[in-house]
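Overview (structure and organization)
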Amino acid sequence: MKKVSVIAAAVASALFAGSVAAETDVALDVTSGDSAMEVEVANPTEVISDGWEVHGYMSANFRMKDGETIDSEFGKPDYHSAGTSGQSTNQVEFTIKKHTEHNNGVWSDFVVRSEFGNGNSFAYSSEGSQKANDKAQFEIKEAYVELGGISFLGDDTSIWSGHRYFNRSAGLLSGEFWNQSSGLGAGFQTKLGGNTAGFAVIAADTNDDINGGVNSDRETNVAYNAYYHGVQGLGGSFNFDVKYITRANKTDPAADNGVGAAITYNRDYYGFDGWSQTGIAYGYGAAANRGVNFGAWSGDNGFSDDSNSIFLTSYGVANLSDSWQLGTEVTAFITNEMFGQDDLTRILVAARPSYKINDNLRFELTGSVSKETIADGAAWGRQDDNMYYMLEAALPVTVNADYFGRPQIKPYVTYYNTEEESAGGIGLGGTDGKEVIVGIHTEIWF
Amino acid sequence: MMKNKHSLLAVVLGALLAGCASNTPIEQQVSAPTNAEVCCNEFSQFPFAQLGDKEELSFDIDKSSPVGQFAEGNSYFEAFRFSERSGQVQVTLSSLMIDDSVFSPQVQLLDSNFDVVETITLDGFQTLTSNAFTRTRYVTKFKTNAERTPYFVIYTPADMLGKTVKVDHPAKVRAKEFGEVMPMVTDPVYTYQLGGRIELEVETLKLRPFRATAATPVVVPAEKVVTAKPALQVQPDTQSYYFTAIETAVASGDIPKALSLLDEAKALNIKGAQEVFVKAVNAK
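Now for a quick tour of the structure. (Residues numbered from 1 in each chain as written. Chains lettered and ligands numbered in written order. Predicted model: local features only at pLDDT ≥ 70, side-chain atom pairs only at ≥ 80, totals over all residues. Heavy atoms only, no water.)

1. A word on the overall build of chain B
Within chain B, the secondary structure is distributed over five helices and 14 strands. Every one of the 284 residues in chain B was classed for burial, and the buried ones make up 43%. Long-range contacts, defined here as pairs at least 24 residues apart, represent 75% of the contacts in chain B between residues at least 6 apart. Summing over all exposed atoms, chain B offers an accessible surface of approximately 15,800 Å²; the carbon and sulfur share of this is 53%. (Helix = DSSP H or I, 4+ residues; strand = E, 2+ residues; numbered from the N terminus. Buried < 20%, exposed > 50% of the residue type's maximum accessible area, 1.4 Å probe, protein only. Contact = heavy atoms within 4.5 Å. Areas by Shrake-Rupley, 256 points an atom, 1.4 Å probe, with all protein chains shown as cover.)

Below is the structure:
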């Protein structure tokens, strides 16, 4: 047998091993963590994550009064009550989101929010098509693209454009949006001093414009938003919003323009476990509708150059124990002029204790007291001084379905009470101001 | 209408009563497997499942999985070996949250000597909330070179068992995303348990080139050298004996004996034996 030198064999194997070690290092890209290890392939536009997400929501409120289905929201949009009084009987929403990330840190979002039946309050049946009118059809509510992480703009900067319901806040129990810029627009957002800062321009045509045809002079409302969010302080964080709102081709007495501003304070539930949001907003002229609530309704003919308003709200949920939660809301809206009324004041105080009986059943009690003071109550079918009361008991039944979202069926009974002369304020005009509504509200989120 | 109200009230109260009956709690599996169940002493003894170039697997880690001993304690695990055709691979690993429980995943990448090269802890995973087609899950995505780290193990650190994670209720996710009214809901809570459902996706980005026998440098075989034996050096006594014996043999006229002694001396490399013989013969 040929004897091979041991030394020669050792040299050969060392050479072989050396060629492996000389190869490029392991490339471990953990897309989620903060650290990004060296990437073997230096292709910056390579897509590292891409996907579609489909989310949805459905709401159907089955309720009757005196044997008929009803449209009334019992004053909820006006801060007169806080019950389960949504109109929709077959509201279905699908949201599709496409999120893509590239190797060089660039990301993009495409969001489409489609909805059918928001505000349809009829009980439909099985013959042919549902109705002949053109209200609440299948609609695209939001459709926008957002791009971020582009190198020449900065890693923390993003730009967006399209139809968007931008930066919205709504009361917990009143369900009313008091801060939003909803319309067609564009904006950019970045980080300044560690906090989110941005600027957006958003336009919204009035309902009359939209129904009036493409070529008429449009009374387009435009809001120029500047915002600075997330400033830490006082145990929570502060958001600052300023909006300059203008209106084209305005018809008297609507305001030409206006400025609104708001400060929002987010923290735990006033020192206890939970969350709370407190806002104070001021606006005049076209921004008199709660200062920072911009949309098709801004600069409505209801607000003139002389209108101004103050809006205060604070709401939140306290986690009292594993089984008990308490939701509360206090809201006040004070304006000197609105839709022909001078000196309107609306104050709402509402609370909702919620008890978790077991994983599938909760018991919720909601109570609200509301006061409305206006100069000429008779013009609106009520008194100058009005008090509205509401009490509701509900039993939400839910299934912890991890996969297809969480469905919930909630039977409820609501009792509304006001003086007969104030009944017009909560949609009970012509009655004695007392009413019991029984219904079942169904929702699912996924 | 009154009738409706009464019957609804009855239903509501009945549901309340029924609801008061507490659900039997589902037994939770949160104690780590014992040492007696450990299958193997080292990584090299682990059962590795062979993967292909492109895989989409969905499997359970449960009490029928093998048990290994890890730094944090014992754990049920699943171990895999990348395809031999894979060079650079992209791995997407998800641990699904189902029915109040989830497997808290930890991944170790091993090289061909079964040494740990990289550990991906729970911090390296993102929590993805559910949508129409997927469950809530932990997910991570990483790239690795299958030649350098051909093996990987998925297990759970024993010190995580029994801990919980709270994930936003889908109604809250929607509210946060779209600025909708924040709902009053209780967020689902998932407990880290012994096992769970894992989804594994492997995609080969670059194939591994097949290395034929390496072009080894030409090895010159060592020649068989016949080395001369080192010369023998006789003792001085031996030398003098042979000189004397040769002289005596020549003096006594025994030339054959003298010649034989001379041969022996030459064989023993005794120098000068030839001269002694010649001298002795000449002296006669």
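Let us keep going from here.
2. A short note on the packing of helix α3 (residues 236–251) of chain B against helix α5 (residues 273–283) of chain B
Residues and elements named next belong to chain B. With their axes 9 Å apart at the nearest point, α3 and α5 run at an angle of 25° to one another. Taken together, α3 and α5 sit at an angle that is classed as roughly parallel. Crossing handedness for the pair α3 and α5: right-handed. Between α3 and α5, the contacting residues are F243, I246, E247 and V250 on the first element and A273, V276, F277, A280 and V281 on the second. Each residue belonging to the contact of α3 with α5 can be placed in one class, and the counts come to eight nonpolar, no polar and one charged. (Axes fitted to C-alpha atoms, helices over the stretch in contact; angles between N-to-C directions. Parallel < 35°, antiparallel > 145°, perpendicular 65-115°, else oblique. Left-handed = near helix turned anticlockwise from the far one by under 90°. Nonpolar A, V, L, I, M, F, W, Y, C, P; charged D, E, K, R; others polar.)

3. So, the state of the cysteines
Cysteine pairs can be linked by a disulfide, which is a covalent bond between their two sulfur atoms. Residue and element names in this part refer to chain B. Enumeration according to the criterion identifies one disulfide over all chains in this entry. The residue that forms a disulfide with C39 is C40, at a sulfur-sulfur distance of 2.0 Å. Measuring handedness by torsion sign, the sulfur bridge of C39 and C40 sits at about -80° and is left-handed. Residue classification places C39 among the partly exposed residues on the basis of a relative accessible area of 40%. Residue C40 is classed as buried on the basis of its relative accessible area of 7%. (Disulfide = S-S within 2.5 Å.)

4. Some points on α3 of chain B
All names here are of chain B. Compared with an ideal rise of 1.5 Å per residue, which puts 16 residues at 22 Å, α3 spans 22 Å between its outermost C-alpha atoms and is within 8% of the ideal. Of the residues making up α3, those classed as buried are Y242, F243, A245, I246, A249 and V250. End-on view of α3: buried residues confined to an arc of 165°, all on one side of the axis. Residues of α3 that are exposed and angled more than 90 degrees away from the buried face: P236, D237 and A251. Residues of α3 that are buried sit in contact with α4 (255–267) and α5. (Expected span 1.5 Å × (residues − 1). Arc of directions from axis to C-beta.)

5. Observations concerning the packing of aromatic side chains
Two measures describe an aromatic ring pair: the distance that separates the ring centres and the angle between the ring planes. All chains considered together, the criterion is met by 32 aromatic pairs over all chains. Aromatic side chains F43 of chain B and F46 of chain B sit 5.2 Å apart centroid to centroid with 80° between the ring planes, which places their arrangement in the edge-to-face category. Exposure remark for F43 of chain B: the relative accessible area of 17% places this residue in the buried category. Here F46 of chain B falls in the buried class, since its relative accessible area comes to 7%. Seen from their ring centres, F46 of chain B and F70 of chain B are 6.1 Å apart, and the 70° between their planes marks the pair as edge-to-face. Separated by 24 residues along the polypeptide, F46 of chain B in the loop between α1 (2–20) and β1 (48–50) and F70 of chain B in strand β3 (residues 67–70) bring together distant segments of the chain. Three or more aromatic residues link up through ring pairs in this structure, and these residues are F43, F46, F48, F70, F77, F114, Y151 and Y155 of chain B. Here the basic side chain of R168 of chain A rests over the ring of F177 of chain A, its NZ or CZ set 4.0 Å away from the ring centre. (Phe/Tyr/Trp six-rings, centres within 6.5 Å; stacked < 30°, edge-to-face > 60°. Lys NZ or Arg CZ within 6 Å of the ring centre and 35° of its normal.)

6. Some details on the pairing of strand β10 (residues 236–247) of chain A
Residues and elements named next belong to chain A. Here β10 lies mainly inside the structure; nine of its 12 residues are buried. Pairing of strand β9 (residues 221–233) with β10 involves 12 bridges; the strand directions are antiparallel. Looking at the pairing, A223 lines up with I245 of β10. Counting the residues in the hairpin turn of β9 and β10 gives two residues, including L234, whose phi is positive at 50°. Sheet analysis places β10 next to strand β11 (residues 257–269), joined by 10 bridges and oriented antiparallel. The residue bridging F238 from the neighbouring strand is Y265, located in β11. (Pairing = 2+ DSSP bridges.)

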